[in-house]
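Topology and contacts: notes
The primary structure of each chain is shown beneath.
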Amino acid sequence: MTDSDAAARLVRPFALTGGRTRPSRADFTLITTVTAVDPPPELAPRPQAEQTRILRRCARPVAVAELAALLDLPVSVVVIMLCDLLEAGLITAHPPRPVSPRSPDLDLLQKVREGLGRL
């Protein structure tokens with residue numbers, strides 16, 4: 001654990017969210033994938049310390065639930081901070097794709113089964 005991680009644990013969740021208990025938007029589920037925008041927009045506000053930790057973790061796509069686990073923060077707190085980052089243009093959010101109601105591709109399933117049989 002780094003010094004910044006240790007210091008972050010001392011900050012209460014309500015302080016990280018400015019006392020807010022609800023997200024400002026409904027863009028995020030547990031499996032929504034978030035990615036930091038690189039390079040960040042020129043006019044974006046400077047992120048707070050905890051937001052910077054989030055942005056570092058989002059250099060590659062990461063699910064909201066995984067991000068909360070990596071940061072050791074409640075999902076609700078992470079979602080509120082992600083809303084702020086999204087509104088500032090510092091991250092992108094990719095909702096999960098809906099599952100098609102059609103039947104599964106049997107050819108694909110057969111190939112997977114054959115591949116597993118070789119192991």
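Because the structure is predicted, anything quoted here is derived from the model rather than measured.

With that settled, consider the overall build of the protein chain. A tally of regular secondary structure across the protein chain gives 6 helices and 3 strands. Beginning at the N terminus, the succession of helices and strands in the protein chain can be written as α-α-β-α-β-α-α-β-α. Per-residue burial for the protein chain yields a buried fraction of 27% across its 119 residues. Sequence separation of 24 or more characterises 75% of the internal contacts of the protein chain that already satisfy a separation of 6 or more. Of the accessible surface of the protein chain, which amounts to about 8600 Å², a share of 57% is contributed by carbon and sulfur atoms.

One recurring pattern in soluble globular proteins is that nonpolar side chains are buried together. Ranked by internal contacts, the top residues of the largest apolar core, which has 23 residues, are Phe28, Val34, Ile54, Leu67, Leu82 and Ile91. Mapped by element, the contributors of at least two residues to this core are strand 1 (33–36), helix 3 (49–57), helix 4 (64–71) and helix 5 (75–87). Of all the elements, helix 5 adds the most residues to this core, at 8 residues. If we skip the residues at most four places from it in the chain, Leu67 touches Val34, Ile54, Arg57, Cys58, Val62, Val78 and Leu82.

Between helix 3 and helix 5, whose axes approach to 11 Å, the crossing angle comes to 80°. In terms of orientation, helix 3 lies roughly perpendicular with respect to helix 5. Where helix 3 abuts helix 5, its residues Glu50, Gln51, Ile54 and Leu55 lie against Met81, Leu82, Asp84 and Leu85. Class assignment of the residues belonging to the contact of helix 3 with helix 5 gives a composition of 5 nonpolar, 1 polar and 2 charged.

What follows deals with the side chain of Glu50. Residue placement: Glu50 occurs in helix 3. Of note is the side chain of Glu50, whose polar atom sits 2.6 Å from the side chain of Arg53.

Conventions adopted
- Residue numbers run consecutively from 1 along every chain, following the written order of its sequence.
- Only residues with pLDDT of 70 or above have their local features reported here, since the model is predicted, and side-chain atom pairs are shown and tallied only from 80 upward, although totals for entire chains, interfaces and linings are computed over all residues.
- Think of the side-chain values as coming from all heavy atoms in the structure, minus any hydrogens and water.
- Strands here are runs of E lasting at least two residues and helices are runs of H or I lasting at least four, both read from the DSSP assignment and numbered beginning at the N terminus.
- Only protein chains enter the calculation, and the probe is 1.4 Å; a residue is then buried if its accessible area is under 20% of its type maximum, exposed if over 50%, and partly exposed in between.
- Note on definitions: a residue-residue contact is assigned when non-hydrogen atoms from the two residues lie within 4.5 Å.
- Reported accessibility uses the Shrake-Rupley method at a 1.4 Å probe radius. Residues are deemed covered only where the shown protein chains occlude them.
- Put simply, a nonpolar core is a bunch of buried Ala, Val, Leu, Ile, Met, Phe, Trp, Tyr and Cys residues held in one set by side-chain atoms that sit within 4.5 Å of each other.
- To get an axis, a line is fitted to the C-alpha atoms, and for a helix only the part in contact is used. The angle between two axes follows their N-to-C directions and goes from 0 to 180 degrees.
- By the definition adopted for this analysis, an angle is roughly parallel if under 35 degrees, roughly antiparallel if over 145, roughly perpendicular if from 65 to 115, and oblique otherwise.
- Under the scheme applied here, ten amino acids are nonpolar (Ala, Val, Leu, Ile, Met, Phe, Trp, Tyr, Cys and Pro), four are charged (Asp, Glu, Lys and Arg), and all others, including Gly, are polar.
- Residues adjacent in sequence count toward polar contacts only when both atoms are side-chain atoms; beyond that, a polar contact is any pair of N or O atoms within 3.5 Å, and within protein one must be able to donate a hydrogen and the other to accept it.

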